[in-house]
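Commentary on secondary and tertiary structure
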Amino acid sequence: MAERTLTEKLKHYRISQNEYERISGLLGRPPQGLEWALFSALWSEHCSYKSSKVHLRKFSYRNGMTRDDSDENAGVVDIGFGEKIVFKMESHNHPSFIEPYQGAATGVGGILRDIFTMGARPIALADYLCFGDENAPRMKSLVKGVVAGISGYGNCVGVPTITGYTEYDENYNKNILVNAMAVGLIEGQMNLASSKAEGIGNLVVYVGAKTGKDGVHGAAMASESFDQDIDSKKPNIQIGDPFLEKLLIESCLEVLSKNLVVCMQDMGAAGLTSSTFEMASKGKVGMDLHLDKVPQRDSSITPEEILLSESQERMVLVCVPKNLEAIQAVFKKWDLDAAPVGTITDTKKMRLFWKGDVVTEIDPTLITDSAPRYERPFTEYQSKRKRAKVEAVSNQNQKQLLDSLKQNAFYKNKNWIYEQYDQRVGTRTVKDASQTLSVVRLNSHRDLAISVGCRPSFMRMDTRIGAIDAIMYPALQQAIKGFKPIAVTDCLNFANPERVEVMTDFVTTCDLYAQIAQKLDAPIISGNVSFYNETEGKGISPTPAVGLVGLKENDERVPDCVFTETGLDVYLVQMPGVISYAKTAEVLKKEMSFSGDLTVNYLADFVGAMTAFVAKTKPQVSRVVGQGGLALTLDKMKSAGYECSMQVDANHMFSSTSFLFEERLYDFVFAVDSKTRGPFEKELDALVKKWNLISHVLGSSRKGYS
Amino acid sequence: MKWGIKILPREVLLDTQGRAVQDYLNQTAQTVNQCRIGKYIVLDLKQTDSAESKKKAIEITEQTLINPLIETYTIESL
Amino acid sequence: MKVGVVTFPGTNCDQDVVKMSQAHGYKVVPLWHKDHFDVKSVDMVIVPGGFSYGDYLRCGALAARSAVMTSVKELAKTGKPVLGICNGFQILCETGMLPGVLVRNDHGRFTDKWTEIETVNSTQHFAKSDKKKLKLPVAHGEGRFFAEKSELDKIESQGQVWFRYTENINGSLNNIAGVMNKEKNVAALMPHPERAMFDWMGGSDGFKFI
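Residues numbered from 1 in each chain as written. Chains lettered and ligands numbered in written order. Predicted model: local features only at pLDDT ≥ 70, side-chain atom pairs only at ≥ 80, totals over all residues.

**Things to note about the interface of chain A and chain C**
Interface extent is often summarised as the accessible area lost during association of the parts. Note the following rule: The contact criterion used is a C-beta to C-beta distance within 7 Å, with each C-beta placed from the backbone. For helices the rule is a DSSP run of H or I covering at least 4 residues; for strands it is a run of E covering at least 2, with both sets numbered from the N terminus onward. Residue type decides the class: Asp, Glu, Lys and Arg count as charged, Ala, Val, Leu, Ile, Met, Phe, Trp, Tyr, Cys and Pro as nonpolar, and the leftover types, Gly among them, as polar.
On the side of chain C, 20 residues touch chain A, which itself brings 22 residues to the contact. Only helix 8 (139–157), helix 10 (242–257) and strand 13 (429–431) of chain A provide two or more residues apiece to the side of chain A that touches chain C. Counted by class, the side of chain A that touches chain C contains seven nonpolar, eight polar and seven charged residues.

Right, dumping it as structure tokens:
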């Protein structure tokens with residue numbers, strides 16, 4: 001076979017001319033042999049964060065419960081009483097569009113490995129999904145496949161999927177988003193595991209599934225826009241095996257709990273390359289790695305494919321030689337391979353061997369730390385829309401408007417999705433995905449709330465408002481149930497960062513998230529960036545998804561989110577903020593409009609006040625008014641068979657029926673019984689005065705007719 | 001006309017079912033080199049012309065029954 | 001009381017069943033799938049939910065042929081109680097200790113929801129609550145109870161139907177949610193009593209199950 005030309009090589013390895021020159025400069029010569037593959041994988045956007053890193057540094061705020069662990073696989077929050085929470089969110093957008101079932105399944109598998117590689121037992125999963133218009137080509141099968149993939153994988157590994165968000169909008173017709181979040185718990189004698197290789201002479205051990213040709217070049221692919229021919233990306237599909245993942249969880253946690261391991265790292269994007277190079281680089285050590293000793297599924301596999309394979313359910317760990325036998329015994333018990341494939345050396349070089357010969361020798365930091373950092377151009381954010389007085393969006397009557405909104409996939413009941421997820425395995429679930437806030441109980445008799453945020457229609461309306469809402473809305477959903485938000489993870493899905501308007505939205509979002517994290521005292525402890533969500537030049541609208549974890553320091557009752565009894569007094573509390581038609585307008589195919597603004601400082605302080613207010617007053621029912629406005633929210637609150645009978649004067653609050661559909665940031669609904677009413681009203685008065693709110697008595701709950 | 005369509009996971013990709021069963025079988029008797037698990041689908045088509053019917057069966061298979069990214073198939077007349 | 005809890009590599013409800021047993025002050029004896037055990041060492045066995053060996057071939061098919069299940073069969077012959085939950089139900093059917101089989105839900109999807117079940121025939125060993133109707137959650141993809149007509153008639157006439165769903169959620173024949181052997185010491189159901197122990201879980205009808 002003829003030697004490929006330089007141009008062909010650059011194209012094949014997805015390396016730009018400038019990057020090629022930078023590599024040649026670092027090496028003092030052009031790259032050769034396996035080096036091409038190494039740089040291709042680890043300098044990809046997906047692995048190197050080369051377009052985002054300069055902005056992600058802004059997420060540096062930490063508090064007493066968190067520490068700087070940006071080096072690690074996921075962030076950690078020490079919540080006291082011997083309990084630590086580990087969580088992270090990650091995207092699997094490109095693979096899910098190509099093969100929805102396997103793409104979503106392996107997305108769940110990957111995020112779980114990020115959690116248990118740190119020594120944490122995964123206790124909950126959440127998903128954040130954006131689909132296109134339900135009638136767009138392939139969309140129904142994409143939706144079905146993604147949901148089945150999450151269900152098939154999560155249910156089998158025995159981690160409950162307890163919450164999620166599902167968007168439908170034409171912006172995602174050709175680029176769906178599949179983001180998964182996993183939450184893990186470290187308790188008892190278990191220690192946090194590191195991913196830093198240490199100890200000259202220690203062994204590098206490969207554990208889990210055998211290596212096949214799956215997903216070779218996957219990391220580079222995930223950093224590229226789609227072209228028309230998705231078939232050409234055929235060999236990239238990775239197949240997930242949840243049963244094997246379950247074995248891997250148990251065996252890894254067992255060797256960690258027995259203190260047999262120096263450090264551990266999962267093999268995610270760019271597989272063995274990224275895991276071993278990063279371990280060596282973080283530990284400032286060298287490593288000899290014998291690629292031929294890697295357990296192989298396919299005898300025709302080449303060294304390059306072994307390095308880049310994204311076969312699932314694999315981990316690499318480092319141990320002192322005398323522990324190898326004990327480690328192998330644990331993995332044998334779970335019927336898994338544990339093969340020594342290398343040693344830690346003092347050379348500070350990665351030496352890759354194939355059948356006894358050195359095939360590549362390179363300083364790992366050149367590949368992990370010297371990737372280019374791009375300061376992609378952006379401008380100061382200017383709102384795409386002018387603020388204006390919000391006019392009625394429709395002259396239909398309330399009932400007709402409600403019915404037409406409820407025809408839309410977005411507003412339809414999504415229980416068909418959540419019912420496919422095992423929501424209770426592990427017997428920690430207090431509130432499942434049918435609720436506005438999902439809650440799990442800890443052994444310390446405290447409750448942990450898990451939410452996902454980012455409502456893309458608000459991002460499309462105004463990036464600033466959308467980004468503030470992305471964290472503040474879930475924070476308020478937690479506060480209104482008595483929880484304090486304690487930490488944040490994110491999954492920043494954007495289009496091509498080489499376009500100024502995309503980068504401007506990205507930077508605006510990062511700046512706001514950094515500010516909110518600090519004001520809310522909820523550090524951003526982990527995250528993921530997914531760029532190039534773009535097909536044939538059309539990008540997605542900015543979708544910086546957020547995962548938020550909150551804590552309630554007791555196991556007292558969490559207020560309901562629907563009316564569950566008759567005779568409750570129902571209150572509407574309104575904050576001066578934004579009045580808009582965002583999702584409502586989109587669904588009705590009308591122009592979006594909005595007035596007003598959100599203030600980070602005010603909202604951050606208010607979240608704290610709301611947590612305290614709910615803890616003190618203990619309302620029976622509480623809910624933040626969502627998309628589709630009060631009309632949709634009250635309609636959803638009827639689901640237990642009770643509804644709010646509106647008092648006559650409530651209609652006077654709105655000058656037109658369509659105003660019931662206004663999306664206001666933020667309105668709140670409470671319902672209290674006669675015993676709670678007195679103290680509730682007293683505290684509410686104080687809250688209203690202090691925060692400049694408006695409160696109304698809406699009516700009372702009664703048995704519904706439907 | 002009736003067609004039998006045999007579907008197997010693509011050789012290069014991981015066959016999770018086959019591997020799990022193979023590993024289990026080899027726990028007791030180390031005699032299984034490989035175990036692969038697929039599907040067998042029987043289609044009874046309205047078309048009576050053999051060539052036309054086969055064309056239709058292939059079309060249905062490639063567009064609906066399999067995902068060519070992860071599966072291969074063979075077709076036989078019954 | 002010593003409760004043996006069976007764990008296959010893909011079992012994922014074993015710790016939940018351990019918690020349930022401990023809530024009653026019972027001593028738990030872990031039973032590993034690769035090992036035979038002494039039937040005198042435990043007073044009761046629970047086969048919990050999960051995915052045994054991945055459940056790729058048929059749910060519970062490979063698990064039914066494991067070492068631990070050989071001992072469970074022996075134990076059942078001595079008259080000691082055996083409870084199967086969800087995947088445990090599937091495994092007990094595959095071993096032949098219980099009649100019938102569990103196949104894919106008629107709607108083809110995994111289903112997780114709260115259900116109401118009604119006691120048809122009771123056993124002295126399990127589900128000791130006085131309530132005739134119980135609210136328990138299910139979580140399964142293959143929970144549709146199936147048996148040939150003649151066998152189904154026998155199950156009915158011999159009083160082996162333990163529970164029926166009040167609303168059929170998966171296409172189970174005769175709404176069957178749980179069955180017993182003739183001797184009534186081996187019993188199993190698809191719903192998860194261990195997930196309904198306390199009110200905060202959404203219901204406590206599973207508390208008196210063992």
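**Some remarks on the sheet that holds strand 6 (residues 111–119) of chain C**
Residues and elements named next belong to chain C. Counted only if it meets this: Strands qualify as paired when DSSP identifies two bridges or more between them. Orientation is described by lines fitted to C-alpha atoms, with helices fitted over the stretch in contact, and by angles between N-to-C directions that extend from 0 to 180 degrees.
Pairing is mixed across the open sheet formed by nine strands, whose spatial order is 2-1-3-4-11-10-9-6-7. Taken across any chain shown, the strands that pair with only one partner, and hence form the sheet edges, are strand 2 (27–32) and strand 7 (133–140). Averaged over all pairs of adjacent strands, the angle between strand axes in this sheet comes to 25 degrees, irrespective of strand direction. Where helix 2 (residues 67–77) meets the sheet, it contacts strand 1 (2–7), strand 2, strand 3 (44–47), strand 4 (82–85) and strand 11 (186–189), and its direction lies at approximately 130 degrees from that of strand 4.

**Here's the deal with helix 21 (residues 600–617) of chain A**
All names here are of chain A. To be explicit about the condition: One less than the residue count of a helix, multiplied by 1.5 Å, gives the span that helix is expected to have. Whether a residue is buried, exposed or partly exposed is read from the other C-beta atoms within 10 Å of its own C-beta, which are placed from the backbone; 20 or more gives buried, 12 or fewer gives exposed, and intermediate counts give partly exposed.
In this model helix 21 runs 25 Å from its N-terminal to its C-terminal C-alpha over 18 residues, within 8% of the 26 Å that 1.5 Å per residue would give. Along helix 21, the positions that sit buried rather than exposed are Leu603, Ala604, Phe606, Val607, Met610, Thr611, Phe613, Val614 and Thr617. The inward-facing, buried residues of helix 21 abut helix 18 (463–479), strand 16 (484–493), helix 19 (500–519), strand 23 (621–624) and helix 23 (674–691). Positive phi shows up at Lys618, right after helix 21, with a value of about 45 degrees.

**Some points on the environment of Lys39 of chain B**
Counting through the fold element by element, Lys39 of chain B comes out in strand 2 (residues 39–44). With 31 residues separating them along the chain, Lys39 of chain B and Leu8 of chain B place their C-alpha atoms 6.7 Å apart.

**Points about the pairing of strand 9 (residues 314–319) of chain A**
Every regular strand shows the same layout, with side chains that alternate between the two sheet faces. All names here are of chain A. Among the six residues of strand 9, six are classified as buried, and the element is accordingly described as predominantly covered. Judged by which residues are buried, strand 9 turns out to be covered on both faces: Arg314, Val316 and Val318 on one side and Met315, Leu317 and Cys319 on the other are all buried. As judged from the six bridges shared by strand 6 (residues 203–208) and strand 9, these two strands associate in the antiparallel manner. Each bridged residue has a counterpart across the sheet, and for Val204 the counterpart in strand 9 is Val318.

**Thoughts on the interface of chain B and chain A**
At the junction of the two partners, chain B supplies nine residues and chain A supplies 15 residues. Along the lines of polarity and charge, the residues of the side of chain B that touches chain A split into six nonpolar, two polar and one charged.

**So, helix 1 (residues 14–23) of chain C**
All names here are of chain C. As a reminder, the rule being used: Each direction from the helix axis to a C-beta atom contributes to the arc, which is the arc of those directions.
If you check which residues of helix 1 are buried, you get Asp14, Asp16, Val17, Met20 and Ser21. For helix 1, the arc enclosing every buried residue in end-on projection is 160 degrees, short of the 170-degree limit, so these residues lie on one face. If you follow the buried residues of helix 1, they end up packed against strand 1, strand 2 and strand 3.

**So, the sheet that holds strand 12 (residues 357–362) of chain A**
Residue and element names in this part refer to chain A. Within the open sheet, the seven strands sit side by side as 7-9-6-10-8-11-12. Their pairing is mixed. Both outer strands of the open sheet, strand 7 (263–266) and strand 12, are each paired with one neighbouring strand and no more. Strand-to-strand twist of the sheet, defined as the mean angle between neighbouring strand axes without regard to direction, takes the value 25 degrees. As defined by bridge partners, strand 11 (residues 350–354) adjoins strand 12 across five bridges and the pair is classed as antiparallel. When the bridges of strand 12 are listed, Trp354 appears paired with Asp357. Where helix 13 (residues 324–333) meets the sheet, it contacts strand 6, strand 9 and strand 10 (337–345), and its direction lies at approximately 150 degrees from that of strand 10.

**Quick word on the nonpolar core**
Taken as a class, soluble globular proteins show a tendency for nonpolar side chains to be buried jointly. Residue and element names in this part refer to chain A. Rule in force here: To count as a nonpolar core, a set of buried Ala, Val, Leu, Ile, Met, Phe, Trp, Tyr and Cys residues must be joined through C-beta atoms within 7 Å.
The biggest cluster of nonpolar side chains holds 297 residues, and the ones touching the most others in it are Leu42, Met181, Val205, Leu317, Val318, Leu476 and Val549. Examining the composition of this core, we find that 10 residues originate from one element, helix 18, more than from any other. Dropping the residues within four chain positions of it, Leu476 is found in contact with Val607, Met610, Val624 and Tyr666.

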